[in-house]
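Structure assessment
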Amino acid sequence: MSEPASPNSIASVLEQLAEAEAARAEPQLTSRQRRARTVARLAAVQALYQMELAGEGVETVISEFENHRFDAQIEGEMLAEADEDWFAEIVRGVVTSQRGIDTAVKARLASNWRLERLDATLRALLRCGAWELMERPEVPREIVIDEYVELAKAFFDEAEAKFVNAALDGVARDVRPKS
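What comes next is a walk through the structure. Only a predicted model underlies this, so the values are computations on that prediction, with no experimental measurement involved.

1. A look at the nonpolar core
As a rule of thumb, soluble globular proteins bury nonpolar side chains together. One finds Phe 87, Val 91 and Tyr 148 to be the most contacted residues of the largest nonpolar core, which totals 53 residues. Those elements that place two or more of their residues in this core are helix 2 (31-54), helix 3 (58-69), helix 4 (84-96), helix 5 (98-106), helix 6 (120-135), helix 7 (141-155) and helix 8 (158-175). Among residues more than four places away in sequence, those in contact with Phe 87 are Ala 40, Ala 43, Ala 44, Ala 47, Ile 62, Phe 65 and Phe 70.

2. Some remarks on the pattern of salt bridges
According to the stated counting rule, one finds 14 salt bridges in the structure shown. Note that Arg 136 and Glu 89 form a salt bridge whose closest N and O atoms lie 2.1 Å from each other. Of this pair, Arg 136 sits in the loop between helix 6 and helix 7 while Glu 89 sits in helix 4, and the two are 47 residues apart along the sequence. On the basis of relative accessible area, Glu 89 is assigned to the partly exposed category, the value being 27%.

3. Re helix 6
Across its 16 residues, helix 6 extends 22 Å between first and last C-alpha, which sits within 8% of the 22 Å expected from 1.5 Å per residue. Counting buried positions over the 16 residues of helix 6 gives 14, a clear majority of the element.

4. A short note on the environment of Leu 125
Note that Leu 125 resides in helix 6. The sequence separation of Leu 125 and Val 149 amounts to 24 residues, and the corresponding C-alpha distance is 8.5 Å. For Leu 125, the contacting residues outside a window of four places in its chain are Val 45, Tyr 148, Leu 151, Ala 152 and Phe 156.

What counts, and where the lines are drawn
- Residues numbered from 1 in each chain as written.
- Predicted model: local features only at pLDDT ≥ 70, side-chain atom pairs only at ≥ 80, totals over all residues.
- Heavy atoms only, no water.
- Core = buried A, V, L, I, M, F, W, Y, C linked by side-chain atoms within 4.5 Å.
- Buried < 20%, exposed > 50% of the residue type's maximum accessible area, 1.4 Å probe, protein only.
- Helix = DSSP H or I, 4+ residues; strand = E, 2+ residues; numbered from the N terminus.
- Contact = heavy atoms within 4.5 Å.
- Salt bridge = Lys/Arg side-chain N within 4 Å of Asp/Glu carboxyl O.
- Expected span 1.5 Å × (residues − 1).

Purely geometric numbers; function is a separate question.
Shown next, in the form of structure tokens:
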């Protein structure tokens, strides 16, 4: 796996995600709510990454995002409104259920790959996506997978995005029976 690319700006990442979102929709949400949820997912990945690298606790990181990052300027751009409740739910959920999430993700990695071997950002993407697939059945699986694949594209090459797609699709097949 290659190193994560540094996106040009938060604004460019959000623009890329907005374009991808136009092709799909969570039917029960308005356009503004969908956008807020996308931003929450991006922030959750960033929060998990930060927790892993800095060794900070879940409530500390959630508080930092709520008090200092949401509705603040980052790189000279306003971070779009996030669904702060969804953000906190993802981050707390991943931390609380990490053992089960990691087991589900590991089951979908090639036999010679270990989750610990993956880049921290990829781990965060996979954990967030797996948590939503496992714990939020009301969110269509296609939405969950597409959102995290688009987030992967914002930070990595196409190969990593395909990897995220395959891993999350496998987790979805394992945890959500076909309807």
